[in-house]
Amino acid sequence: MRLSAEIFDAADNAKEESLSLVSMLASAGRSGLFAGPKPFELTLNINDNVLEVASLSCHGVTESGKVIDVEFDSNYSHTFDTRLGIPSGSGADAWLLVLKMHGRKWREVDEMYSESEYTFELQGENTRIDADSLPVGRIVNRYGWRLDEMDFVPPCLFVRSHPMYQRQFEEASELLGKISGKCRSSENCVARTFLSAVWPAADNVLITFDKERDMLTPDRLYAGIQQFVNSFVIGCRLDEHINLENPEPFMLYVRKPYDRRNLLQDIAQGLALCAEIVLKVETVCAMTEERRSVPEEPEPEKKPEPQKPVKNRWDGIEI
């Protein structure tokens, strides 16, 4: 059989479909970035309402299982036009930059290598992202269009997938470590019910974060912080020595529903509450009482038991 481009394309398509099935199974149908050989990085050039993707380092998977393995830099390679016009007249002050994978299509990079075809699109913030796409950035109109590097992170499968989630993980571990240390060093604290709720909760979350750090997801990071704040609220409600001022922010955070698009902001809000809890725990641990030592009562002297009369063997046996 004569080898042709169609045969090689068919083989590549079969491998791509098999890889998609494996990826979809491994990610449980979720989409997002995973930790690659290089950290995620995106650089944009925006001039006169025209956006150009200058460079992108992105490793992830779409909801449909398509693997994203993009190392793009227009300074070294320019395989396709990455310029996009920013829609005007819509009144929108933010747009999502979406990377869309095109199945069973290949783009020739050079004579020896072809890559899976992908393109970039701009979509509204509330637009549903299709199963073959992944949002990689957001641009906002704040005195001109620019890349939002503070309030947006692409969906991530793990905390290690993006530096911003990694920083939040380290901050959460540091705050919970401070709380656990203050509880451990407290002596004669009157708020024992409060400590019995907060101290083990902080230690349990810390143990989970430490042992699952390589596979910890942003969802699990959010849940751990939310669980700890809930234990703090319970401890304050049950302890008769504590009256929590302005408990509303803590209680609202405990009941906050899951929202993947605002996950970064929800974790940041929980970290701000944990920073407040550090100061409150320090105040509670200073509420001590002097424990009086109760003298032990002397044990009563034992009277010697009277000896039973011993019968001689010749006295006979009573029956």
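Residues numbered from 1 in each chain as written. Predicted model: local features only at pLDDT ≥ 70, side-chain atom pairs only at ≥ 80, totals over all residues. Heavy atoms only, no water.

Draft legend 1. Region of interest: the overall build of the protein chain. Check the secondary structure of the protein chain and you find 6 helices and 9 strands. Burial statistics for the protein chain: of 319 residues in total, 39% are counted as buried. Total accessible area computed for the protein chain in this model is approximately 20300 Å², and 51% of it derives from carbon and sulfur atoms. (Helix = DSSP H or I, 4+ residues; strand = E, 2+ residues; numbered from the N terminus. Buried < 20%, exposed > 50% of the residue type's maximum accessible area, 1.4 Å probe, protein only. Areas by Shrake-Rupley, 256 points an atom, 1.4 Å probe, with all protein chains shown as cover.)

Draft legend 2. Focus on the environment of E125. Looking at the element boundaries, E125 is found in the loop between β7 (113–123) and β8 (133–141). The class of E125 is partly exposed, set by a relative accessible area of 30%. Not counting residues up to four positions away in its chain, the partners in contact with E125 are A94, L96, R138 and R261. Polar side-chain contacts of E125 include one of 2.5 Å to the side chain of R138. (Contact = heavy atoms within 4.5 Å. Polar contact = N/O pair within 3.5 Å; in protein donor to acceptor, adjacent residues only side chain to side chain.)

Draft legend 3. Highlighting the packing of aromatic side chains. Summed over all chains, the structure comprises 5 aromatic pairs. Measuring from ring centre to ring centre gives 5.9 Å for Y118 and F120, while their planes differ by 85 degrees; the resulting arrangement is edge-to-face. F120 sits in the buried class, given a relative accessible area of 7%. Considering the side-chain rings of F232 and F250, the 5.3 Å spacing of their centres and the 50 degrees angle between planes classify their relative orientation as tilted. Placement of F232 in helix α4 (residues 218–238) and of F250 in helix α5 (residues 248–254) is noted, with a sequence separation of 18 residues between them. (Phe/Tyr/Trp six-rings, centres within 6.5 Å; stacked < 30°, edge-to-face > 60°.)

Draft legend 4. The arrangement of the pattern of salt bridges in detail. If you walk through the whole model with that rule in mind, you get 12 salt bridges. The partner of K100 in a salt bridge is D130, and the shortest N-O contact between them spans 3.2 Å. Of this pair, K100 sits in strand β6 (residues 94–110) while D130 sits in the loop between β7 and β8, placing them 30 residues apart in sequence. Residue classification places D130 among the partly exposed positions, given a relative accessible area of 26%. Linked by salt bridges that have partners in common, E125, R138 and D148 make up one network. (Salt bridge = Lys/Arg side-chain N within 4 Å of Asp/Glu carboxyl O.)

Draft legend 5. Looking closely at the packing of helix α2 (residues 163–185) against helix α6 (residues 263–285). Look at α2 against α6: their axes get within 9 Å of each other, and the N-to-C directions meet at 15 degrees. One finds that α2 runs roughly parallel with respect to α6. Crossing angle aside, the handedness with which α2 passes α6 is left-handed. For the pair α2 and α6, contact is made by M164, Y165, Q168, E171, A172, L175, I179, K182 and C183 and by L263, L264, I267, A268, L271, C274, A275, I277, V278, V281, E282 and C285, respectively. In terms of residue class, the contact of α2 with α6 is built from 17 nonpolar, 1 polar and 3 charged. (Axes fitted to C-alpha atoms, helices over the stretch in contact; angles between N-to-C directions. Parallel < 35°, antiparallel > 145°, perpendicular 65-115°, else oblique. Left-handed = near helix turned anticlockwise from the far one by under 90°. Nonpolar A, V, L, I, M, F, W, Y, C, P; charged D, E, K, R; others polar.)

Draft legend 6. Representation of the packing of α2 against helix α3 (residues 192–211) within the structure. The N-to-C vectors of α2 and α3 enclose an angle of 140 degrees; their axes lie 9 Å apart at closest approach. In the packing of α2 onto α3, the handedness of the crossing is left-handed. Packed against α2, whose contacting residues are F169, A172, S173, L176, G177, I179, S180, C183 and R184, the element α3 presents L195, V198, W199, A202, D203, V205, L206 and F209 at the interface. Classifying every residue of the contact of α2 with α3 gives 12 nonpolar, 3 polar and 2 charged.

Draft legend 7. Region of interest: the pairing of strand β3 (residues 50–61). Among the 12 residues that make up β3, 10 are buried, leaving the element largely enclosed by the rest of the structure. Across 2 bridges, the pairing between strand β1 (residues 32–33) and β3 is antiparallel. By the bridge assignment for β3, L33 is matched with G60. Direction of pairing for strand β2 (residues 41–47) relative to β3: antiparallel, over a ladder of 7 bridges. Residue pairing for β3: E41 is matched across the bridge by S57. Taking the residues that link successive antiparallel strands as the turn, the β2-β3 hairpin has 2 residues, and the phi of D48 there is positive, at about 55 degrees. Sheet topology note: the β3/strand β5 (residues 83–85) ladder contains 3 bridges and is antiparallel. Each residue of the ladder has a partner; that of L51, found in β5, is L84. For β3 and strand β4 (residues 67–73), the ladder comprises 7 bridges, and the chain directions are antiparallel. Paired with S57 across the strands is E71, a residue of β4. (Pairing = 2+ DSSP bridges.)

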